[in-house]
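Structure at a glance
Listed below are the residues making up each chain.
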Amino acid sequence: MPTDNEIAVRLFYEALSTGDTALVDEALAADWDAVPPLRAGSGPEGWKASIAHLRGVFSDLTIEIEDVVADGDKVAVRAVSRARQTGDLLGVEGTGREVEFRAADFHRVVDGRIVRTWHLEDYFAIATQIGLEFTRGA
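Cut-offs and rules
- Residues numbered from 1 in each chain as written.
- Predicted model: local features only at pLDDT ≥ 70, side-chain atom pairs only at ≥ 80, totals over all residues.
- Heavy atoms only, no water.
- Helix = DSSP H or I, 4+ residues; strand = E, 2+ residues; numbered from the N terminus.
- Rg over C-alpha atoms; globule rule 2.2 N^0.38 Å.
- Buried < 20%, exposed > 50% of the residue type's maximum accessible area, 1.4 Å probe, protein only.
- Contact = heavy atoms within 4.5 Å.
- Areas by Shrake-Rupley, 256 points an atom, 1.4 Å probe, with all protein chains shown as cover.
- Pairing = 2+ DSSP bridges.
- Axes fitted to C-alpha atoms, helices over the stretch in contact; angles between N-to-C directions.
- Salt bridge = Lys/Arg side-chain N within 4 Å of Asp/Glu carboxyl O.
- Expected span 1.5 Å × (residues − 1).
- Core = buried A, V, L, I, M, F, W, Y, C linked by side-chain atoms within 4.5 Å.

Moving on, we get to the overall build of the chain. Secondary structure assignment for the chain yields four helices and five strands. Taken from the N to the C terminus, the helices and strands of the chain come in the order α-α-β-α-β-β-β-β-α. Over its C-alpha atoms the chain spans a radius of gyration of 15 Å, differing by no more than 12% from the 14 Å that the globule rule assigns to 138 residues. Along the longest, intermediate and shortest principal axes, the C-alpha atoms of the chain span 50 × 30 × 25 Å. Out of the 138 residues in the chain, the part that is buried amounts to 37%. In the chain, once contacts between residues fewer than 6 apart in sequence are set aside, the share between residues at least 24 apart is 53%. Put simply, the chain shows about 8000 Å² of open surface, and 51% of that area lies on carbon and sulfur atoms.

This is how it looks when you write it as structure tokens:
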């Protein structure tokens, strides 16, 4: 049986996976903070704007939660996302390519709402899958 903390965290990912931003208000505290900060702004409204942006860049976006580990007020998640890149990303116009990338997040939950999220994502995997090439400097 999932704890209230795990339920809040699962709603966080469900909102991204489905585009149902009403779930954000159930998952996040009003003063939610993301590390690193979101380009779209802070708090629940920043996450809603980020969801809209990501779903515009990645069509058919799905997020599969592979692991959830809860300890006290912390919930760790390992997830894999799959999508087709149809919007501009990292200076690359939509390629139509399918991408798969992994993320690890650590959430702090208080009173059933996420108050802080630390996010680590494999941007290198995304970049190479959409065709960016990296060369070794001289």
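Still more ground to cover, so stick around.
Strand order across the open sheet formed by five strands is S1-S5-S4-S3-S2, with mixed pairing between neighbours. Each edge of the open sheet is held by one strand with a lone partner, namely strand S1 (28-35) and strand S2 (58-71). Strand-to-strand, the axes of this sheet are offset by a mean angle of 25°, without reference to chain direction. Judged from the 11 bridges that link them, S2 and strand S3 (residues 74-85) form a sheet pairing that is antiparallel.

Attention now goes to the pattern of salt bridges. This structure, assessed with the given rule, holds 12 salt bridges. Across the pair Asp73 and Arg108 runs a salt bridge whose closest N-O atoms are separated by 2.8 Å. A residue pair is termed long-range when its members are at least 10 positions apart, and Asp73 in the loop between S2 and S3 and Arg108 in strand S4 (residues 98-110) qualify at 35 residues. Three or more residues are tied together by salt bridges with common partners; here these are Glu64, Glu66, Asp67, Arg78, Arg82, Glu100 and Arg102.

Here we come to helix H3 (residues 43-57). With 15 residues, H3 extends 21 Å between its outermost C-alpha atoms, agreeing within 8% with the 21 Å of an ideal straight helix rising 1.5 Å per residue. For H3, the full list of buried residues reads Gly43, Pro44, Gly46, Trp47, Lys48, Ser50, Ile51 and Val57. Packed against the buried residues of H3 are helix H1 (4-18), helix H2 (22-27), S1, S2 and S3.

Moving on: the nonpolar core. Counting residues in each nonpolar core, the largest one holds 31 residues, and the members touching the most others are Val9, Phe12, Leu28, Trp32, Trp47, Phe58 and Ile114. The set of elements that each furnish at least two residues to this core consists of H1, H2, S1, H3, S2, S3 and S4. Ranked by residue count, the leading element in this core is H1, at seven residues. Beyond its immediate chain neighbours, meaning those up to four positions away, Phe12 contacts Ala27, Leu28, Trp32, Trp47, His107, Ile114 and Thr117.

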